[in-house]
Every structure is written in C-alpha cells, then in structure tokens.
Amino acid sequence: MDGSVWTDLLDPDEEAIRGAGRQKLHPRALAQLLAPPEHDDEPRPTLVGHGDYIFGVFLVAVVEPDEDRVFYQEVDLILTEERVLTVRKTPEHGAAFETSRVREACRADESPGMVVYHLVDDIAERYLDLIDALNDEIEELEDEVDAWPSARVRERISELRHDMLHIRRTLAPTRDAVRAIVDNRIDLNGREVFPHEVELQFGAAYDKLQRANEGLEFSRDLLQGVRDYHQAKVANDQNEVMKRLTVIASVLLVPTFIVGLYGQNFDHMPELHWHYGYLGWSWGLIVVTTIAQLAFYRWRRWI
C-alpha cells in the first residue's frame, strides 16, 4: 500500500527501503529491516526513538491447528511526523502479515500516529485470537489424553509449553512498547508524535495486550492441569499393572509351596500312599487354593 502517509513494503531490498524512508537510517535499524525472517538472532519487539524517526519491531504469533505449530510474522516500521513506513517479511513456512484490516480501519486524513495505532490494535486483536486458538488446542489435547499413546501426549504437551514460552517472550515486550506510548515516553527529539487523543487510543490496545497476557497465563494453567492429569493417569496405570503382577505372584505362591512340600520326598506322608494322593489330593489342593485366591481377589476388585 502506497499513500501520502503510509507506505507498506513486502520483503523489500535496500534500495526500496531507502527510497521509501526519505531519511537517513541508523545502520542497525537498516540491518534489522533487511534481516531475513526467522533468523537465528530473533528480534525483540520494541518501539524506540532514533532522533528524527521512531523505529519499531513487532512479532505476531500465528497458530496452524492442522499442523500443530506456531510461526511468527514480523512487521517493522519507521515513523516520522509526516509518514509511516512498514516492512513486512514473509516467514519461511507461512504467510506474511496481512494488512487489509488495518487499511480498512485507516481513514484518508489520519495522522501517522493513528496509522501506527491501527496497526498495533490489529496486532493486539490477533494476540487475543491466538489465545483462543491455543485454548482450542489444549481442549483437543484434553479430549484425547485418554486415547492417544502416552508418548504422543507428552510430546504434544512439550510442544505447547515451548510455544507458550516463545509467545510470552514476544507478547510481553510488545505490551511494554505500547505502554511506553501510553506513558508518553516516546518522542522525536522532544517533539510529540503521539498526541493525547492518540495516546488514549493506544490505551485501548494496551488493555487488549494485557488481556492477552492474562489469557496466556490461564492457558498455561490449563495445560498444567492436562499435564497433571496425564501424570496421574500414568501413575494409576502403573499401579494397576503392579497390582496384577502382585496377584499373579500371590496366586502362584500357594501352589509353589504345595509342590515344594511334596517335593521333599519324605516317606512318612500318608498322601504318598493314597490311591488318589497325586490327582485327588495334591492337584485338588492346588486347584482349590488357586480358585479360592482368585475369588478373593475378584471380590476385593483387585483383578
């Protein structure tokens, strides 16, 4: 989108950035604008003054439910008293940040500060949608925790915990950057770029980011609940296995004793000289005691 106030670039080169910016950029700011998305030195969301312009970096987390993954869209901006330049970067495995809702919200006569507000407000809304999507993923995991193999449940819990920690590392500084505007701590060489009425609008965006942060904490509690339930289920399953093994050992204990007793080869045992001493007495005793034990364990609901 190219207009009198806002210029939006998608994956631009250095020449396009210098042509659209119309001011001398600090080398580190230019390097950040040109850095590829999802590089090793991932940027921290920020909004800081650089003399005659304000430099900003925003990251938007996006959930892909079908692929069970989260990717990040980066939007950088250069703000002056007259213009706004945004640089969007296309992630390696995902779509670039879509600005259609921001364009629809902006009016033709809006100031650069209000354009930035509409951008930040849309980012805040996306974080609220993100929390809802995360909760849906957690609910799906909760529904399937009894059906999925234990290894898959542990893997999914680990993935969600990692995603939440990463989201927190982007959401918190985004909220802090907006708070700096609300507190009137960002200016252009002492000149106010966000008038009071614009700061009030940013207050609404800050509230949304705060709600998203609180929602993220709630999502972590939900995931912790699923994790605790899974661990309790695993422990209970192990107890059931141990109980059955103990029953089997106990059932075999009495027959083993009987066999060992008659295996001593004593001559003075009346059962040894009975006509049915082997089948009727020895095996009968083993069968009866085994059935009695099984009936007792069944009555106690141990098997």
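Computed from a predicted structure; not experimentally measured.

Cut-offs used in this document
- Residues numbered from 1 in each chain as written.
- Predicted model: local features only at pLDDT ≥ 70, side-chain atom pairs only at ≥ 80, totals over all residues.
- Heavy atoms only, no water.
- pLDDT = per-residue confidence, 0-100.
- Helix = DSSP H or I, 4+ residues; strand = E, 2+ residues; numbered from the N terminus.
- Axes fitted to C-alpha atoms, helices over the stretch in contact; angles between N-to-C directions.
- Parallel < 35°, antiparallel > 145°, perpendicular 65-115°, else oblique.
- Left-handed = near helix turned anticlockwise from the far one by under 90°.
- Contact = heavy atoms within 4.5 Å.
- Pairing = 2+ DSSP bridges.
- Salt bridge = Lys/Arg side-chain N within 4 Å of Asp/Glu carboxyl O.

J.: Describe the confidence of the model for the protein, with residues and values.
T.: Per-residue pLDDT for the protein averages 86, and the proportion of residues at 70 or more is 91%. When pLDDT is averaged over each helix and strand of the protein, the minimum, 80, is found for helix H7 (residues 277–299) and the maximum, 94, for helix H4 (residues 112–144).

J.: Give me the packing of H4 against helix H5 (residues 150–182): which residues, what numbers.
T.: One can describe the packing of H4 onto H5 by two numbers: an axis separation of 12 Å at closest approach and a directional angle of 165°. Classified by the angle between their axes, H4 and H5 sit roughly antiparallel to one another. In this structure, H4 meets H5 at a crossing whose hand is left-handed. Counting all contacts with H4, which are made through Val120, Tyr127, Leu130, Leu134, Glu137, Ile138 and Leu141, the residues of H5 involved are Val153, Arg156, Ile157, Leu160, Met164, Ile167, Thr170, Leu171, Thr174 and Val178.

J.: Could you give an account of unusual backbone geometry, naming the residues involved and the relevant values?
T.: The residue Asp11 is not glycine, and still its phi comes out positive at about 50°. Of note in the backbone geometry, Asp68 takes a positive phi value of approximately 55° without being a glycine. Position of Asp68 among the secondary structure elements: in the loop between strand S3 (54–64) and strand S4 (69–79).

J.: So what's going on with the sheet that holds S3? Residues and values would help.
T.: The strand order across the open sheet formed by five strands is S1-S5-S4-S3-S2, and the pairing between neighbours is mixed. The open sheet is flanked by strand S1 (6–10) and strand S2 (46–49), the only strands paired with a single partner. Here the strands of the sheet are splayed against their neighbours by 15° on average, with no regard to which way each runs. Inspection of the sheet shows S4 paired to strand S5 (residues 84–89) by six bridges, in the antiparallel sense. Across the sheet, residue Leu77 finds its bridge partner in S5, namely Thr86.

J.: Any chance you could break down the pattern of salt bridges for me, citing the residues and the numbers?
T.: Inspection of the entire model under this criterion finds 23 salt bridges. In this structure, Glu98 engages Arg103 in a salt bridge whose closest nitrogen and oxygen atoms are separated by 3.7 Å. For the salt bridge of Asp237 with Lys233, the shortest nitrogen-to-oxygen distance reads 3.3 Å. A residue pair is termed a helical-turn pair when its members lie 3 or 4 positions apart in one helix, as Asp237 and Lys233 do in helix H6 (residues 196–262) at four residues. Sharing partners across several salt bridges, the network here consists of Asp68, Glu137, Arg156 and Glu159.

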